[in-house]
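# Survey of secondary and tertiary structure
Below are the chains, spelled out letter by letter.
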Amino acid sequence: MLYVQKFGGSSLASSECVFNVAHRIAETYRKGNQVVVVLSAQGCTTNELIRKANEISASPSKREMDMLLATGEQQSVALMAMALHKLGLNAVSLTGSQMGLHSSSTHGAARIKRIDVDRIHSELDRNNIVIAAGFQGVNRLGDITTLGRGGSDTTAVALAAVLKADFCEIYTDVDGVYTADPHKVKTARKMDEICYDVMLELASLGAKVLATRSVELAKKYHVTLVVRSSMSACEGTIIKEATAVESTYVSGIAMDKNTASISVIGINNEPGMAYKLFSLLAKERIVVDIILQSIGRDATKDIAFTVMGNELEKAVKVLSENKSKLGFERITYDDKIVKLSVVGAGMATHPGVASMLFEALYAGGINIVMISTSEIKISVLIDERDADVAAHVVHDKFFSGSTAIDAHK
Ligand code: ADP
Ligand code: ASP
Ligand code: MG
């Protein structure tokens with residue numbers, strides 16, 4: 001059997017952790033399996049490298065940033081190969097370029113184009129455990145790229161797809177995918193399984209247990225994933241096409257702190273203004289999420305919308321530079337907000353989910369700033385100071401006590 005096993009930074013934080021992971025890899029290998037391991041940078045290394053870069057420059061070159069960040073994963077794979085050698089096993093570490101992972105050129109958010117697997121196959125044929133650096137690739141110029149935060153998950157799924165692995169296991173610091181972040185909501189429950197679509201929504205709405213792109217790839221290439229703990233033998237959560245609990249109308253909640261709202265006040269109340277405003281943002285590749293337009297009064301109206309928190313500055317700058325063209329009165333913005341979402345595949349056919357959510361927030365004394373809904377999710381924007389209380393009251397509403405979803409079936 002061929003296994004792809006990915007270990008995240010939290011599972012590799014110290015030399016002791018590295019040996020713990022090495023033992024787990026050894027266990028799989030000694031059973032006669034082929035093993036391709038994907039590793040992240042140790043502990044907080046990536047954040048530490050970003051901090052170091054920002055000490056030098058507030059806006060470092062994206063190419064150089066990738067050059068720097070990729071070193072985190074390179075350290076991990078070399079150390080792991082050494083640890084496995086110490087256990088008497090054959091292992092070889094490979095960078096993104098060495099494993100033939102070719103990507104687009106967008107530094108910091110590169111997309112995988114293809115993986116030339118010859119090198120990996122020849123190492124496996126030599127009975128080597130292959131230790132692949134996650135998160136990195138090489139573009140057509142031969143420059144190092146990175147795949148975006150959490151990108152080692154994407155590397156693991158992509159390798160599992162091209163190698164046609166029998167198993168793709170994502171090892172992390174929690175036992176699996178929970179109904180809410182278990183580090184924030186103590187009553188969160190582990191799910192045995194979850195379908196791609198719901199996991200995709202949870203990931204894109206802030207549940208960082210898996211990178212969104214990795215779930216997209218898993219769905220596209222039919223890779224069944226298991227998320228499990230690197231510290232325990234617990235079964236974990238299976239992520240696959242369809243699950244037995246499909247009818248569950250709420251599967252989990254997610255929170256995204258990287259969000260900010262912008263209000264454009266007193267914009268001319270005439271056709272084409274929304275187009276002008278949002279095309280300016282689109283040209284700058286700024287992703288807009290929730291949009292609200294007020295009913296016009298006299299000759300003007302207001303448009304409020306959200307962007308990712310790290311793009312707020314850029315968005316405000318573009319709009320301010322085009323003030324006369326758009327003809328608005330002023331802009332206000334707020335980055336002290338979070339987006340709380342309730343996600344579930346059966347939501348569209350179960351009325352009352354929105355009112356349960358609003359009731360829970362009301363009972364918690366929490367004000368809603370904006371609301372957005374889709375077939376399988378409802379999101380609300382709230383003040384960041386309310387985030388913890390909101391996560392608890394909303395989770396309790398759907399997952400515990402007499403109002404829990406089971407009781408509503
Ligand atoms: P790794 O270093 O292994 O990549 P991450 O920190 O990227 O780990 O992801 C694991 C973390 O995701 C957990 O420690 C947990 O706090 C967080 N998380 C957020 N939402 C969820 C969820 N619904 N289920 C499990 N973990 C979650
Ligand atoms: N080290 C990278 C990050 O912190 C990639 C990963 O951990 O998956 O985002
Ligand atoms: Mg991660």
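These remarks concern the structure in this document. Every value quoted in this text rests on a predicted model; they were computed, and no experiment measured them.

Before going further, it helps to examine the site of ligand 1. Taken together, the neighbourhood of ligand 1 is formed by 18 residues, with Thr-172, Asp-173, Tyr-178, Asp-181 and His-183 sitting nearest. In this structure, Gly-9 approaches ligand 1 through a main-chain N or O atom, which is 3.2 Å from an oxygen atom. Residue Tyr-178 places a main-chain N or O atom 2.9 Å away from a nitrogen atom belonging to ligand 1. In isolation ligand 1 offers 570 Å² of accessible surface; the protein chains occlude 88% of this area.

With that settled, the discussion passes to the pattern of salt bridges. Enumeration over the complete set of coordinates arrives at 20 salt bridges. Residues Arg-213 and Glu-216 are paired through a salt bridge, measuring 2.7 Å at the closest nitrogen-oxygen approach. Note that Arg-213 and Glu-216 are positioned in helix α7 (residues 212–220) at a spacing of 3 residues, about one turn of the helix. The exposure class of Glu-216 is partly exposed, given its relative accessible area of 33%. In this structure, the salt-bridge partner of Lys-336 is Asp-335, at a minimum N-O distance of 3.5 Å. Overall, the relative accessible area of 46% leaves Lys-336 in the partly exposed class. Given the relative accessible area of 38%, Asp-335 is considered partly exposed. Several salt bridges share partner residues, and in doing so they unite Glu-48, Arg-51 and Glu-55 into one network.

Moving on to the sheet that holds strand β10 (residues 193–195). Pairing in this open sheet of 8 strands is mixed, and the strands run β3-β6-β2-β1-β9-β11-β12-β10 from one edge to the other. Of all the strands in the sheet, just β3 (91–94) and β10 have a single pairing partner and so form its edges. Adjacent strand axes in the sheet meet at a mean angle of 20 degrees, parallel and antiparallel pairs treated alike. Note: strand β11 (residues 225–229) against strand β12 (residues 237–240), 3 bridges, orientation antiparallel. From the neighbouring strand, Val-227 faces β12, where its bridge partner is Thr-237. Packing against the sheet, helix α1 (residues 15–30) makes contact with β1 (2–7), β2 (34–39), β6 (129–133), β9 (167–172) and β11, and its axis sits at approximately 170 degrees to β1.

Around ligand 2, the surrounding shell consists of Ser-40, Ala-41, Thr-46, Glu-73, Phe-135, Arg-149, Gly-150, Gly-151 and Ser-152. With respect to ligand 2, the side chain of Glu-73 contributes an N or O atom lying 2.7 Å from a nitrogen atom. When ligand 2 is considered free in solution it has 260 Å² of accessible area, and contact with the protein chains removes 87% of it. The class makeup of the residues in the shell around ligand 2 is 2 nonpolar, 5 polar and 2 charged.

Attention now moves to the environment of Thr-172. Of note, Thr-172 is situated in strand β9. When its relative accessible area of 12% is taken as the criterion, Thr-172 is described as buried. Here the alpha-carbon distance between Thr-172 and Thr-71, two residues 101 residues apart in the chain, equals 21 Å. When residues no more than four places from it in sequence are discounted, the contact partners of Thr-172 are Ser-10, Ser-11, Val-209, Val-227, Arg-228, Ser-229 and Ser-230.

Looking now at the pairing of strand β16 (residues 300–308). The element β16 is extensively covered by neighbouring structure, given that 7 of its 9 residues are classed as buried. Bridge count for strand β14 (residues 259–268) against β16 is 8 bridges, and the pairing is antiparallel. When the bridges of β16 are listed, Ala-260 appears paired with Val-307. Of the pairings in the sheet, the one linking strand β15 (residues 288–293) to β16 comprises 4 bridges and is antiparallel in character. Counted as the bridge partner of Gln-293 is Ile-303 from β16. The hairpin formed by β15 and β16 contains 6 residues between the paired strands, and Asp-298 there has a positive phi angle of roughly 50 degrees.

Reading the values: the criteria
Residues numbered from 1 in each chain as written. Chains lettered and ligands numbered in written order. Predicted model: local features only at pLDDT ≥ 70, side-chain atom pairs only at ≥ 80, totals over all residues. Heavy atoms only, no water. Near = heavy atom within 4 Å. Polar contact = N/O pair within 3.5 Å; in protein donor to acceptor, adjacent residues only side chain to side chain. Areas by Shrake-Rupley, 256 points an atom, 1.4 Å probe, with all protein chains shown as cover. Salt bridge = Lys/Arg side-chain N within 4 Å of Asp/Glu carboxyl O. Helix = DSSP H or I, 4+ residues; strand = E, 2+ residues; numbered from the N terminus. Buried < 20%, exposed > 50% of the residue type's maximum accessible area, 1.4 Å probe, protein only. Pairing = 2+ DSSP bridges. Axes fitted to C-alpha atoms, helices over the stretch in contact; angles between N-to-C directions. Contact = heavy atoms within 4.5 Å. Nonpolar A, V, L, I, M, F, W, Y, C, P; charged D, E, K, R; others polar.

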